[in-house]
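Tertiary structure, described
The residues making up each chain are set out below.
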Amino acid sequence: MAEQIFPTKGNLIKAKRSLRQAKMGYELMDRKRNILIREMVELTDAAKEIRNSIDSTYTAAYKALQRANISMGVVSDVANTFPVDDSLDLSTRSVMGVELPKLTHEKTEAADYRLHLTNSSFDEAYISFNKVKLLTVRLAEIENSIYRLAVAIKKTQKRANALKNIMIPKFEGTVRFITNALEEKEREEFSRQKVIKKAKLKKQA
């Protein structure tokens with residue numbers, strides 16, 4: 001508390017330095033929060049578009065699969081010839097110190113299934129489900145990023161509030177207390193010197 005600090009010029013310099021640092025810290029936290037919020041809003045909009053695309057693509061894929069099942073019979077034998085896709089690669093990118101996931105999917109050539117056993121409905125289903133897979137990868141990346149940004153924004157907001165509502169007022173109070181105490185001390189010293197000077201003049205008279 002300001003009352004517990006001895007009012008010296010040295011302590012006043014320290015308090016002013018701490019106040020400057022606290023204000024600078026708040027500005028940085030505020031800027032970081034705004035950048036993170038802007039990033040999260042952009043990703044949220046992108047996620048909404050991807051969800052809509054996934055829904056429409058899934059609908060098209062299942063309709064095509066239904067048609068393929070009707071025209072070809074059960075297509076599970078052909079579907080089982082497709083290899084498991086394990087070509088996802090995970091890396092990260094940094095936004096204001098927040099590590100966000102970046103999923104990279106290696107583009108592969110269309111599966112070499114037996115063309116004479118399939119038809120256009122099967123091909124359409126394959127293309128649609130492949131598109132859903134790529135959209136799902138992108139959506140997973142975005143939704144995880146949104147979650148991490150939300151956590152970081154909450155922490156940043158908490159720190160910014162602590163600086164704005166606790167630390168800055170505290171240092172401002174300390175600076176005010178020491179300044180007032182030093183000014184009062186200077187006034188007392190001035191009055192004391194005035195009295196001494198007056199007494200000396202009396203003696204000389």
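Described below are features of the structure shown in this document. (Residues numbered from 1 in each chain as written. Predicted model: local features only at pLDDT ≥ 70, side-chain atom pairs only at ≥ 80, totals over all residues. Heavy atoms only, no water.)

The subject of this paragraph is a positive patch on the surface. Side chains of K14, K16, R17 and R20 sit close together on the surface and give a patch of like positive charge. For R20, the position within the fold is in helix α1 (residues 9–72). (Patch = residues over 30% accessible without salt bridge, like charges linked within 9 Å, V, L, I, M, F, W, Y side chains within 5 Å. Areas by Shrake-Rupley, 256 points an atom, 1.4 Å probe, with all protein chains shown as cover. Salt bridge = Lys/Arg side-chain N within 4 Å of Asp/Glu carboxyl O. Lys, Arg positive; Asp, Glu negative; His and termini not counted. Charge placed at Lys NZ, Arg CZ, Asp CG, Glu CD. Helix = DSSP H or I, 4+ residues; strand = E, 2+ residues; numbered from the N terminus.)

As a further point, take the side chain of T156. Summarising the element assignment, T156 is placed in helix α3 (residues 120–204). The contacts of T156, once residues within four sequence positions are left out, are M29, K32, R33 and L36. (Contact = heavy atoms within 4.5 Å.)

Once that is clear, we can look at the side chain of S121. By the secondary structure assignment, S121 is in helix α3. We classify S121 as buried; its relative accessible area is 11%. Sequence-distant contacts of S121, that is, excluding residues within four places in its chain, are made with A64, R67 and A68. (Buried < 20%, exposed > 50% of the residue type's maximum accessible area, 1.4 Å probe, protein only.)

Honestly, that's just the spatial picture; any functional story needs more than this.
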